[in-house]
Amino acid sequence: EAFFYGMGFTPDQLRWEGDGDLVVSNVHPGYIPDPDGAPGDQMWWNIAHTGSIKAADGTPLPKKLVAEIQRTGWEHTYAFKLLAGDWLVLDNLRMQHGRLPYMQNPERPRTLLTVYSTP
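Keep in mind the model is a prediction, meaning the values are calculated, not measured. (Residues numbered from 1 in each chain as written. Predicted model: local features only at pLDDT ≥ 70, side-chain atom pairs only at ≥ 80, totals over all residues. Heavy atoms only, no water.)

A.B. asks: Just to check I follow, could you spell out the overall build of the chain for this structure?
C.D. replies: Tallying secondary structure elements over the chain gives two helices and four strands in all. Listed N to C, the secondary structure of the chain is α-β-β-β-β-α in terms of helices and strands. For the chain, the C-alpha radius of gyration of 18 Å lies well beyond 14 Å, the compact-globule estimate for 119 residues. A principal-axis box enclosing the C-alpha atoms of the chain has dimensions of 45 × 45 × 35 Å. The buried share of the chain, reckoned over its 119 residues, is 8%. The contacts of the chain with a sequence gap of at least 6 include a subset with a gap of at least 24, amounting to 18%. Separation between the mean location of the 10 positive side-chain charges and that of the 14 negative ones in the chain comes to 9 Å. (Helix = DSSP H or I, 4+ residues; strand = E, 2+ residues; numbered from the N terminus. Rg over C-alpha atoms; globule rule 2.2 N^0.38 Å. Buried < 20%, exposed > 50% of the residue type's maximum accessible area, 1.4 Å probe, protein only. Contact = heavy atoms within 4.5 Å. Lys, Arg positive; Asp, Glu negative; His and termini not counted. Charge placed at Lys NZ, Arg CZ, Asp CG, Glu CD.)

A.B. asks: Looking at this structure, I do not really get the packing of aromatic side chains. What am I missing?
C.D. replies: Note on aromatic pairs: each is described by the distance of the centres and the angle between the planes. A full pass over the atoms with the stated rule returns three aromatic pairs. Both rings, one in Phe4 and one in Phe9, keep their centres 5.6 Å apart while their planes meet at 90°; by these two values the pair is edge-to-face. Taking the centre distance of 5.4 Å and the plane angle of 75° together, the rings of Tyr31 and Trp44 count as edge-to-face. With Tyr31 in strand E3 (residues 31-33) and Trp44 in strand E4 (residues 42-44), this residue pair connects regions lying 13 residues apart in the sequence. Aromatic ring contacts, followed pair by pair, group Phe3, Phe4 and Phe9 into a single cluster. (Phe/Tyr/Trp six-rings, centres within 6.5 Å; stacked < 30°, edge-to-face > 60°.)

A.B. asks: What exactly am I supposed to notice about the environment of Gln13 here?
C.D. replies: Among the structural elements, Gln13 can be located in the loop between helix H1 (2-6) and strand E1 (14-16). Overall, the relative accessible area of 18% leaves Gln13 in the buried class. Taking C-alpha positions, Gln13 is 4.8 Å from Ser25, a pair spaced twelve residues apart along the chain. Those residues within four positions of Gln13 in sequence are excluded, and the remaining contacts are Gly8, Val23, Val24, Ser25 and Asn26.

A.B. asks: Would you mind showing me how to read the pattern of salt bridges here?
C.D. replies: Working definition: two side chains of opposite charge can pair if their charged atoms are close together. On inspection of all chains with the given rule, the structure shows six salt bridges. Of the charged contacts in the structure, one is a salt bridge between Asp91 and Arg94, with a shortest N-O distance of 3.8 Å. Classification of Arg94 as partly exposed rests on a relative accessible area of 38%. Overlapping salt bridges, with partners in common, bring together Asp34, Asp36, Asp91 and Arg94 in one network. (Salt bridge = Lys/Arg side-chain N within 4 Å of Asp/Glu carboxyl O.)

Structure (structure tokens):
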């Protein structure tokens, strides 16, 4: 719980289940103001592609909608291999990002450094 409280979650967003699982709820809008756009411009800001979210009323997103969001995401996916010494800088609001599974090479350990900033 302390980790989530430190991240700004409140007690009403955390619930312990009888089996010991911690359920974390986070309600946020699907769109946010575009910081680089004209006044009133909105940008998509959501994790609907995971299929693990629900509408604010608790209703699961329809499977067809999640599948369409995932399909669209893959249509706009660019994959590349980072090599030793490569840097990747991206706008976290504009770029949905992740990685595919990989096998760790003990002779070439992987190190990721993350820096967050605000405009």
